[in-house]
Amino acid sequence: MSQYLVFALLGFGVGSVYAAVAMGLVVTYKGTGIINFAAGAMGMWSAYVFDEARRNGNLMLPLVVVPAKIHLAGRVAFLLAILLAAASAALIGLAAHFLVFRPLRKAPPLAKVVASVGLMLALQALVVIRFGSTARSVEPILPNKTVHLGGVDLPRDRLYLTLITVLVGIALWAYFRYARLGLATRAAAENERAASLARYSPQFLAGTTWVISSLVVGLLLTLAAPLNALNTLGYVFAIVPALACALVGRLTSIGATLVAALALGAIQSLITLLATRSWWPSWGKTGLSDAVPFIIVIIVLFVLGRSLPTRGATETQPLPEVIKPRNSPPVVIGLAAAGVLAILVTSGSYRYGVITSMIVAISALSLMVLTGYVGQISLATAALAGTAGFALSKLTTDAGWPFPIALPVSALIATAFGVIVGIPALRIRGAQLAVVTLAAAVALERFVFRNPAFSKVAGNLIPDPTIFGINLGVRRGTTIARVQFGLLVLTILVLVTVAVGNLVRSATGRRFLAVRSNERAGAAVGINIPAQKLLAFAVASFLAGTSGVLIGYSRGQLSADSFATLVGVSYLAFAYLGGITSVSGSMVAGALAPLGIFFVIFDRLINVGSSYQLIAGFSLILTAIFNPIGIAGATRNNVALIRARLRRDAPSARPATEVAAAVDGARHVLERERRAARRIPTADAPVLLETDALSISYGGLRAVDRVSLKVRTGRIVGLIGPNGAGKTSFIDGLTGFTPTTGRIDFGGEQIEHLPAHQRARRGLARTWQSIELFNDLTVGENLRVASEPATLGSVLADFVLPSRPVDMRHQQWALELMGLDQLVDEKPANLSLGHQKLLGVARALAARPDLVLLDEPAAGLDTVESEALGQRLMDIVDAGITVFLIDHDMGLVLEVCDYVYVLEFGRLLAEGTPAEIRRNDVVIEAYLGETARRAKAAEAVDTAEPAQAAGAAGAAGVDQ
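Rules behind the numbers
- Residues numbered from 1 in each chain as written.
- Predicted model: local features only at pLDDT ≥ 70, side-chain atom pairs only at ≥ 80, totals over all residues.
- Heavy atoms only, no water.
- Helix = DSSP H or I, 4+ residues; strand = E, 2+ residues; numbered from the N terminus.
- Buried < 20%, exposed > 50% of the residue type's maximum accessible area, 1.4 Å probe, protein only.
- Contact = heavy atoms within 4.5 Å.
- Areas by Shrake-Rupley, 256 points an atom, 1.4 Å probe, with all protein chains shown as cover.
- Pairing = 2+ DSSP bridges.
- Phe/Tyr/Trp six-rings, centres within 6.5 Å; stacked < 30°, edge-to-face > 60°.
- Expected span 1.5 Å × (residues − 1).

## Here we look at the overall build of the chain
And step 1. Check the secondary structure of the chain and you find 37 helices and 18 strands.
And step 2. Burial status across the chain gives 56% buried among its 960 residues.
And step 3. In the chain, 75% of the contacts between residues at least 6 apart in sequence involve partners at least 24 apart.
And step 4. As displayed, the chain offers around 39,100 Å² of accessible surface, 61% of which is attributable to carbon and sulfur atoms.

In structure tokens:
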């Protein structure tokens, strides 16, 4: 037998480990929709429980306050030990469901990712506390006699483990395919209400899913424990290759996931074999197999992802509230002075803790920009910091670059890597992006930082920073933290904090928040979503790289342990704990981080040691559940509440009823008198928009079927049809949010090949049937973000001058037209549904488009408001903006439109003037119904010469 085949079979042992974790991930996702980053850590606990029972006769419980060790006997029998491991797995699964993820079932993906990361950190720390950090050799469980194949002794336990794993996979497939409980679990994951109506408790089904997932992972990892030494990190980071395999199965297919896991194990084993060959490159002998999952993740997610979310897929749960910094000079100067004082009054390890807190605060600022403001979840911050740190060592030690230049250049190298890591964010988002960044962190750590071809085994030296002959190094003699280095770090922290504060208050910051709030709506107002995401990754990576450079200078010598993957995970943990959406939260995160000032104080007082990570993990879970705005945000809110009570004032945000009353009061001032006569547009107006055989398909369903129509400049053109006729799909196709066939001509240019944001920039604006506002921005900012240009020069200027004067005439006109100018500083959530609709129209008008497509703007409006909207539509046309209107309010459509198209089952049913549509028998039968039929009959009776009257009505209209 070929040696390659034998090594592939050997790889099935590791592949079975990946399969165990991956199948647990799929089971959890199928039943709850959660990607459980703690799956490997949960299985690791079961393996340790089994080994401890067999080795010392102890039952270890996952408890932290009460005694957690129960001595059973000198040595527990195998069957009892396996039962204890299974019971432990089930207990952890139930606890994860009821204590962690059930309270978060309606939370946004960020909170769920953070909670699972917190659970992973807590379990890993708990294993270290209860079982120690020394690797354990576990006694054989499966028959391990060898069989000689191809000149290699192949242990049989790998084959037995593979067989058991395959059988478990088949059982899981059958459970979800045929078992009533499995089918109900799948149904409840998609629609909890439907499952409840079928007399299944969604929470019972979800809890069952967690138990099954934990049992599968725990028992299979226990059986696999004798294959390699059991340690506190191996199973934890098995989550990365397992996620890669689960994604191959699209987190739904047990079979595809199982095959992918076994194949990945075989591939990694073959790479290990090839690395022994003389012709194999030296740089590929270490860590290359660990980079394979990252490559798989990138390819799978990029192929399966979409540049924009589909209709109905937009995240609706509120993310943590954003707290914008003011960058008031007195506040900045005061905080800088406090930093100087902290450096001067401390010494030794305490001053080193202060310096470390400042450095980590820069990393937290990186996460604030990327995750807090743009909603892109990253677990690769430490890896990018390490990239800059190792680049610094190469530039200073090997190339001799001086301090002031080496720092930004190293940070720019990290920026380049960060942009590469961010490329998948162009097509994926949420928890799946966290998967990519975690895989990237592991790949960088294993393939770059621990690779002798790139990193020196003896350590990567970094000389002290020196400028104008002044040594700014962190150490000299017995002094481990010099004032000079502390002031250097403080200076950099102040500069980047001010720059980041300016950025997030500027037009760029508003675009960031628009992307975070609603990517589809952002593209509709002309925001280049991919460019904004890559810009956020670039800024965040530069900040992470800056912190990595300072870490390098603070250590004087770097190793891979300084930037291990778990460090990056803890960065996200402490950033979220401090408050990931505020600058002050970043400062709190730095103070709380390991080796930061709080850690040093607690360690000196109560010797917190390894318990600090455990505390951090549990704190992170509690923060995700009860306080998503973090410590800084909660403190700010409490202070504001106390001030409000002292002033006996109401909170700053007005309730929706009060806002609605303000709108009603403003309406009396802003409403214009209805004109006595309506201008009739000329027949020879130029064609602004034309479609030719435009078609849209969703799978095998043809939603829009070869629709050809024209919209002439200066008109209000209507599109009506019953629900499901394809009206919104037609607008989605026109504006670039769904693929189309056929031709779209706008302003004399074919635009069917252009992405959505470029169509918007050419003057094609739209509103949404489902509103889709930027809830993180105020009413005024919703309009500003639609009209502010984004250029490289403007972005660079935003770092320095965030509040540059701009022309607000268009925005003010749109606000006044919609009666919203008294509510500029309100958040959309404080508006009524009808006024949110009006805000959507105002935002579409803010950039003065040539054509605005209005998708059911009258939905949610009462009769008076609908009549006022009709007048406003006429005002919009008078202002030089053509209107394309979709609405179910037939009174509105037939009153204000110059020409109307009727759509049914994706095809054009009729077209003509409103008078012609009222009299069209086909339209009456298909859509307008009995009311129109009676109106037509009554008109025929009341009109002495109906034929002549109909001809006159047709002549008064304009043929299209």
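Back to the text.
## Structural notes on the sheet that holds strand S9 (residues 687-698)
And step 1. Taken in spatial order, the 4 strands line up as S10-S9-S12-S13 in an open sheet, and their pairing is antiparallel. Where the open sheet ends on each side, the last strands, each with one partner, are strand S10 (701-712) and strand S13 (749-750).
And step 2. The sheet contact formed by strand S12 (residues 741-746) and S13 spans 2 bridges and is antiparallel. Bridge pairing links Phe746 to Glu749 in S13.

## As for the environment of Trp283
And step 1. Inspection of the secondary structure assignment puts Trp283 in the loop between helix H10 (254-274) and helix H11 (288-304).
And step 2. On the basis of relative accessible area, Trp283 is assigned to the partly exposed category, the value being 42%.
And step 3. On a C-alpha basis, the gap between Trp283 and Ala453 in space is 5.2 Å, while along the polypeptide they are 170 residues apart.
And step 4. Sequence-distant contacts of Trp283, that is, excluding residues within four places in its chain, are made with Phe447, Asn451, Ala453 and Phe454.

## Observations regarding unusual backbone geometry
And step 1. Phi is positive for Arg250, close to 55°, though the residue is something other than glycine.
And step 2. Along the chain, the position of Arg250 falls in the loop between helix H9 (239-248) and H10.
And step 3. Using a relative accessible area of 54% as the deciding quantity, one classes Arg250 as exposed.
And step 4. Phi at Glu856 is positive, roughly 55°, even though this residue is not glycine.
And step 5. By the element assignment, Glu856 lies in the loop between strand S15 (851-855) and helix H33 (863-878).

## Quick notes on the packing of aromatic side chains
And step 1. Summed over all chains, the structure comprises 19 aromatic pairs.
And step 2. Seen in terms of ring centroids, Tyr175 and Phe176 are 5.1 Å apart; in terms of plane orientation they differ by 75°. Their pairing is edge-to-face. A single burial state applies to Tyr175 and to Phe176, both of which are buried.
And step 3. Centre to centre, the rings of Tyr899 and Tyr901 are 5.4 Å apart; their planes meet at 65°, and the pair counts as edge-to-face.
And step 4. According to the relative accessible area criterion, Tyr899 is buried, its value standing at 6%.
And step 5. Clustering of aromatic rings is evident, with ring pairs tying together Trp45, Tyr48 and Phe131.

## Description of helix H2 (residues 39-56)
Two residues of an α-helix separated by three or four positions point the same way, owing to the 3.6 residues in each turn.
And step 1. For H2, built from 18 residues, the straight-helix expectation of 26 Å at 1.5 Å per residue is met to within 8% by its first-to-last C-alpha distance of 26 Å.
And step 2. Most of H2 sits out of view: 16 of its 18 residues are buried.
And step 3. Gly57 occupies a position one or two residues after H2 and carries a positive phi of about 75°.

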